[in-house]
Amino acid sequence: MDTLGPIDLHHQGAERVIGCYLLETPEGLALNDCGPSTCLPALKRGLEERGLSLEDVDHLLLSHIHLDHAGAAGILVREQPNLRVHVSEVGAPHLADPSRLERSARRLYGDAFDELWGEVAPVPEENLEVVGETALGLEVLPTPGHASHHVCYVGADGTLYAGDAAGVRIAPDGYACPPTPPPEFDLATWLRSIDEIERRAPTRLALIHFGVVDDPGPHLDQLRRRLRDWTAGDVPEDEWLRRREEERAAASSDPDAYERAMPLWQSYAGLRRYWDTAADTGSPTIAPR
């Protein structure tokens, strides 16, 4: 059974937008992230292609609670009541009561919310497992920056299940970039998380957006550099979008795939909030090198 390659969730009918990973653990099969509820049919098909069904999955290992990573968690528990949902201490209350998370996302996505993400159901508290230093035999590595509640999981084989902490790269493309949506992006914190990932010396990075990266060092160097470039100066939206579109066109073989996985308007919205918050508090926006 292929447990390293991603299950493509075919978000909005497109390939290589959102994936998730199947892991064999000492306590049963686990999924690393699960996508939104709109992708449940594709998730079930992906399991069937591996000779499995949802009933064979015992655990969810969630990197964070953003809807493209964890939106289907409550629906999955409804269909598989014994499913254990592993998540950070900060994220757990928002899975038990996702109303605030949903309100925030509806403000961001407007009328497109239901088509993009579908139903967001609560996860019963008895199904939640707050992660500690380990979970299901994997090291749990706190990796805030993209979101305060983000964690990665490191397997004994050297695979680091990266969520969004290692950015977006539509494998086998070589272009790596940071998703910076609102409301919690923080440059200095994310750069420290990248340092922590490097200290683990992973042999590969399993990215939700999208695929397995076998050159972690150069990939993380590129991500670090791009984080600094994207946050350099308080740039008007039109100008920032123009620069990033030109960058993608020059560096990527499929810019449209990146836009599906990580719309630039969304990343700018997160940067705008970051710059405005820094201005209000007098905090620097350039992290020390």
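Residues numbered from 1 in each chain as written. Predicted model: local features only at pLDDT ≥ 70, side-chain atom pairs only at ≥ 80, totals over all residues. Heavy atoms only, no water.

A. Summary view of the pairing of strand β9 (residues 151-154). A two-sided burial pattern is seen for β9, the buried positions comprising Val151 and Tyr153 on one face and Cys152 and Val154 on the other. Two strands pair when backbone bridges link them, and β9 and strand β10 (residues 159-163) are joined in this way by 2 bridges, in the antiparallel orientation. Residue pairing across strands places Tyr153 opposite Tyr161, the latter belonging to β10. Linkage of β9 to β10, two consecutive antiparallel strands, is achieved through a turn of 4 residues, within which Gly158 is found at a positive phi near 90°. (Buried < 20%, exposed > 50% of the residue type's maximum accessible area, 1.4 Å probe, protein only. Helix = DSSP H or I, 4+ residues; strand = E, 2+ residues; numbered from the N terminus. Pairing = 2+ DSSP bridges.)

B. Spatial organisation of empty space enclosed by the protein. Considering all chains together, one arrives at 1 cavity of 30 Å³ or more under this definition. Here the largest cavity is characterised by a volume of approximately 60 Å³. Put simply, the parts of the chain that give the lining of the largest cavity at least two residues each are α2 (67-70), α3 (73-79) and α4 (92-96). (1 Å grid on protein atoms, 1.4 Å probe; cavity = no way out; pocket = protein on both sides within 12 Å on 5 of 7 lines; lining within 4 Å. Points joined across faces, edges and corners; volume = space filled by probe spheres on them.)

C. Spotlight on the sheet that holds β9. Strands sit in the order β7-β8-β9-β10-β11-β12 across an open sheet of 6 strands; the sheet is mixed. The open sheet has two edge strands with one neighbour each: β7 (134-135) and β12 (211-213). Packing of helix α7 (residues 187-199) onto the sheet brings it into contact with β8 (138-142), β9, β10 and β11 (204-207), and relative to β8 it is tilted by some 155°. Relative to β11, helix α8 (residues 216-231) is tilted by about 55°, and along the sheet it contacts β11 and β12. (Contact = heavy atoms within 4.5 Å. Axes fitted to C-alpha atoms, helices over the stretch in contact; angles between N-to-C directions.)

D. Molecular detail of the layout of surface pockets. Put simply, the largest pocket is a space of about 970 Å³. Around the largest pocket, the lining comprises 38 residues; the ones closest to its centre are His66, Ala105, Leu108, Tyr109 and Pro182. Within the residue set of the lining of the largest pocket, elements represented by two or more residues are α2, α5 (99-109), α6 (113-117), α10 (255-261) and α11 (264-281). When the residues that make up the lining of the largest pocket are grouped by side-chain class, the tally is 19 nonpolar, 10 polar and 9 charged. Roughly 240 Å³ of volume is contained in the second largest pocket. If you go around the second largest pocket, you meet 14 residues; those closest to its centre are Leu23, Glu24, Gly155, Asp157 and Tyr161. Here the residues of the lining of the second largest pocket are counted per class, giving 8 nonpolar, 4 polar and 2 charged. (Nonpolar A, V, L, I, M, F, W, Y, C, P; charged D, E, K, R; others polar.)

E. Main features of α7. For α7, with 13 residues, the first-to-last C-alpha span of 19 Å sits near the 18 Å given by 1.5 Å per residue. Burial in α7 covers these residues: Leu187, Thr189, Trp190, Leu191, Ser193, Ile194 and Ile197. (Expected span 1.5 Å × (residues − 1).)

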